[in-house]
Amino acid sequence: MRWLRYLNQWRGTAKEALEQVSIVAKFLCLIHVTDRYIISSTHVQGPSMLPTLNLTGDVILAEHLSHRFGKIGLGDIVLVRSPTDPTRMVTKRILGLEGHRLSFSADPLVGDGSVSVVVPKGHVWIQGDNLYASTDSRNFGPVPYSLIEGKALLRVWPPRFFGSLR
């Protein structure tokens with residue numbers, strides 16, 4: 001009987017703690033869903049998107065809805081799961097959509113020999129803005145639409161370059 005009185009004494013505290021834990025869990029779920037399926041910030045770096053993106057790195061906001069509704073177009077900068085290494089994310093520009101015919105230099109350093117390709121259904125052609133330092137569709141071919149993870153909206157860091165990535 002004595003332990004029941006002791007238990008009743010802590011019932012209100014336990015209920016309040018459970019409510020607080022529930023609020024925190026819901027908040028964390030909301031953050032996860034927002035980050036994964038709506039909009040997220042991403043740090044991108046490397047030479048492949050020079051001069052659009054900095055070599056030392058930029059923080060960009062990427063939305064994750066457009067590609068799900070087929071609202072990706074020519075010239076858009078997208079985040080793509082690398083076809084050669086699925087643990088990596090690459091940032092490239094879309095230069096061709098399904099059905100488009102593209103011609104490109106097999107080796108931009110030499111400049112001889114042009115290759116022509118038609119982008120198959122359900123794929124896109126991606127390339128970095130820096131042709132000399134980019135591993136892209138010229139190396140691994142058209143990329144399945146399903147590998148697109150998001151579309152870059154704007155650069156938020158560094159502050160002096162804040163703005164749209166068009």
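What you see is a predicted model; the values in this text were computed from it and never measured.

Topic: the UniProt feature "domain: Peptidase S26" (unreviewed entry) in the protein
Part 1: Under the feature "domain: Peptidase S26" (unreviewed entry), the UniProt entry names residues 20-113 and 118-157.
Part 2: End C-alpha to end C-alpha, residues 118-157 measures 37 Å, and it is 10% helix and 45% strand.

Points about a nonpolar patch on the surface
Part 1: Taken together, the side chains of Val33, Tyr37, Ile38, Ile39, Leu65, Phe69 and Leu153 define a hydrophobic patch exposed on the protein surface, amounting to about 600 Å² of accessible area.
Part 2: It is helix H1 (residues 2-38) that provides the largest number of residues to the nonpolar patch, a total of three residues.
Part 3: Residue position: Phe69 is located in the loop between strand E2 (58-63) and strand E3 (77-81).
Part 4: A residue is classified by how much of its surface remains accessible, and Phe69, at 62% relative accessible area, is exposed.

Focus: unusual backbone geometry
Part 1: Each neighbour pair has its own omega, and for Leu50 with Pro51 the value is 0°, a cis peptide bond.
Part 2: Along the chain, the position of Pro51 falls in the loop between strand E1 (39-44) and E2.
Part 3: Residue Pro158 is reached from Trp157 by a cis peptide bond, and omega for that bond is 0°.
Part 4: The topology assignment puts Pro158 in the loop between strand E9 (148-157) and strand E10 (163-164).

Side note on the pattern of salt bridges
Part 1: Evaluated as defined, the whole model comprises seven salt bridges.
Part 2: The closest approach of N and O atoms between Glu149 and Arg36, which form a salt bridge, is 3.1 Å. In this pair, Glu149 is assigned in strand E9 and Arg36 in helix H1, connecting sequence segments 113 residues apart.
Part 3: Accessibility expressed as a relative area gives 13% for Glu149, which makes it buried.
Part 4: Across the pair Asp129 and Arg93 runs a salt bridge whose closest N-O atoms are separated by 2.9 Å. You can see Asp129 sitting in the loop between strand E7 (123-127) and helix H2 (137-140) and its partner Arg93 sitting in strand E4 (residues 89-96), a full 36 residues away along the chain.
Part 5: In this structure Asp129 comes out as partly exposed when scored by relative accessible area, which is 27%.
Part 6: Each of Arg36, Arg81 and Glu149 takes part in one network of salt bridges that share partners.

Quick word on the UniProt feature "active site" (unreviewed entry) in the protein
Part 1: Here the UniProt feature "active site" (unreviewed entry) sits at Ser48 and Lys92. Considering the C-alpha atoms alone, the annotated residues occupy 45 residues of sequence yet fold into one spot, their largest mutual distance being 7.9 Å.
Part 2: Along the chain, Ser48 falls in the loop between E1 and E2.
Part 3: Those residues in contact with Ser48, other than ones at most four positions away along the chain, are Thr91, Lys92, Gly128, Asp129, Asn130, Ala133 and Ser134.
Part 4: A polar contact of 3.0 Å, which involves the side chain of Ser48, links it to the side chain of Lys92.
Part 5: The residues touching Lys92, leaving out its near neighbours within four places in the chain, are Ser48, Met49, Asp76, Ile77, Val78, Ile126, Gln127, Gly128, Ser134, Thr135 and Asp136.

How each quantity is defined
- Residues numbered from 1 in each chain as written.
- Predicted model: local features only at pLDDT ≥ 70, side-chain atom pairs only at ≥ 80, totals over all residues.
- Heavy atoms only, no water.
- UniProt positions renumbered as here; feature names shortened; annotations may be inferred.
- Helix = DSSP H or I, 4+ residues; strand = E, 2+ residues; numbered from the N terminus.
- Patch = residues over 30% accessible without salt bridge, like charges linked within 9 Å, V, L, I, M, F, W, Y side chains within 5 Å.
- Areas by Shrake-Rupley, 256 points an atom, 1.4 Å probe, with all protein chains shown as cover.
- Salt bridge = Lys/Arg side-chain N within 4 Å of Asp/Glu carboxyl O.
- Buried < 20%, exposed > 50% of the residue type's maximum accessible area, 1.4 Å probe, protein only.
- Contact = heavy atoms within 4.5 Å.
- Polar contact = N/O pair within 3.5 Å; in protein donor to acceptor, adjacent residues only side chain to side chain.

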